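Spelled out from the first residue to the last, the chains are:
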Amino acid sequence: MRWGGLGRCDRGVDQGRGAGGGAVLPRGLVVRRLLERQRAGELSTRHVRAVAETVGVSERTVWRWLEQAKATGRAEGSVRQGYVVSDEVWELLGEAGAMSLS
């Protein structure tokens, strides 16, 4: 997913493509490397900026990844589970839609 212009919704890491259209390093790998630099006292904003530009996300996103990794102990992002609408919910939605048409 990419948005042009001022809006920033580059999902390069998720889609395997960077801001320049090339292949991207996996999120877990870059987060682990940045955490190593942070533990060594060598992490700077320019490191985060370089990673953000490489993987096609904002600097804020990379900082958020680092915070999440420190909090959870996992460098990889969480896997989202889909939502399934049950037959009962579909039925209720149908009734609600029919009521609004009357």
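The coordinates are above.
Rules used in this analysis
Residues numbered from 1 in each chain as written. Predicted model: local features only at pLDDT ≥ 70, side-chain atom pairs only at ≥ 80, totals over all residues. Heavy atoms only, no water. Helix = DSSP H or I, 4+ residues; strand = E, 2+ residues; numbered from the N terminus. Contact = heavy atoms within 4.5 Å. Areas by Shrake-Rupley, 256 points an atom, 1.4 Å probe, with all protein chains shown as cover. Patch = residues over 30% accessible without salt bridge, like charges linked within 9 Å, V, L, I, M, F, W, Y side chains within 5 Å. Salt bridge = Lys/Arg side-chain N within 4 Å of Asp/Glu carboxyl O. Lys, Arg positive; Asp, Glu negative; His and termini not counted. Charge placed at Lys NZ, Arg CZ, Asp CG, Glu CD. Buried < 20%, exposed > 50% of the residue type's maximum accessible area, 1.4 Å probe, protein only. Axes fitted to C-alpha atoms, helices over the stretch in contact; angles between N-to-C directions. Parallel < 35°, antiparallel > 145°, perpendicular 65-115°, else oblique. Nonpolar A, V, L, I, M, F, W, Y, C, P; charged D, E, K, R; others polar. Core = buried A, V, L, I, M, F, W, Y, C linked by side-chain atoms within 4.5 Å. Expected span 1.5 Å × (residues − 1). Arc of directions from axis to C-beta.

## As for the overall build of the protein chain
Phase 1 of the analysis: Secondary structure summary: the protein chain contains five helices and zero strands in total.
Phase 2 of the analysis: Its helices and strands in sequence order give the protein chain the pattern α-α-α-α-α, from N to C terminus.
Phase 3 of the analysis: Partitioning the contacts of the protein chain with sequence separation of at least 6, the portion at a separation of at least 24 is 49%.
Phase 4 of the analysis: For the protein chain, the accessible surface area stands at approximately 7,600 Å², while carbon and sulfur atoms represent 53% of it.

## Quick word on a negative patch on the surface
Phase 1 of the analysis: Judged by side-chain charge, Asp-87, Glu-88, Glu-91 and Glu-95 come together as a negatively charged surface patch.
Phase 2 of the analysis: A relative accessible area of 59% places Glu-88 in the exposed class.

## Side note on the packing of helix H2 (residues 27-39) against helix H4 (residues 59-72)
Phase 1 of the analysis: At a closest axis distance of 10 Å, the pairing of H2 and H4 adopts a crossing angle of 80°. Between H2 and H4, the crossing angle belongs to the class labelled roughly perpendicular. On H4, the residues that touch Arg-27, Val-30, Val-31, Leu-34, Leu-35 and Gln-38 of H2 are Val-62, Trp-65, Leu-66, Gln-68, Ala-69 and Lys-70.
Phase 2 of the analysis: Across the contact of H2 with H4, the residue classes tally to eight nonpolar, two polar and two charged.

## Quick look at the side chain of Thr-61
Phase 1 of the analysis: With respect to the helices, strands and loops of the structure, Thr-61 is situated in helix H4.
Phase 2 of the analysis: Relative accessible area serves as the criterion here: at 15%, Thr-61 is assigned to the buried category.

## With respect to a nonpolar patch on the surface
Phase 1 of the analysis: Taken together, Tyr-83, Val-89, Trp-90 and Leu-93 make up a surface patch of nonpolar side chains, about 480 Å² in accessible area.
Phase 2 of the analysis: Tracing the sequence through the fold places Tyr-83 in the loop between H4 and helix H5 (87-101).
Phase 3 of the analysis: Taking relative accessible area as the criterion, Tyr-83 reaches 67% and is therefore assigned exposed.

## Side note on the nonpolar core
Phase 1 of the analysis: Formed by 15 residues in total, the largest nonpolar core has its most connected members in Val-31, Leu-34, Val-51, Val-57, Val-62, Trp-65 and Leu-66.
Phase 2 of the analysis: Mapped onto this core, the elements with two or more residues apiece are H2, helix H3 (45-55) and H4.
Phase 3 of the analysis: Every residue in contact with Val-51, bar those within four places of it in the chain, is listed here: Val-30, Leu-34 and Val-62.

## Brief notes about H4
Phase 1 of the analysis: Look at H4: 20 Å from first C-alpha to last across 14 residues, which is about the 20 Å you get at 1.5 Å a residue.
Phase 2 of the analysis: Looking at H4, one finds that the buried residues are Thr-61, Val-62, Trp-65, Leu-66 and Ala-69. Down the axis of H4, the buried set is contained in an arc of 145°. They therefore lie on one face. In this structure, H4 carries Arg-60 and Ala-71 as exposed residues pointing more than 90 degrees from its buried face.

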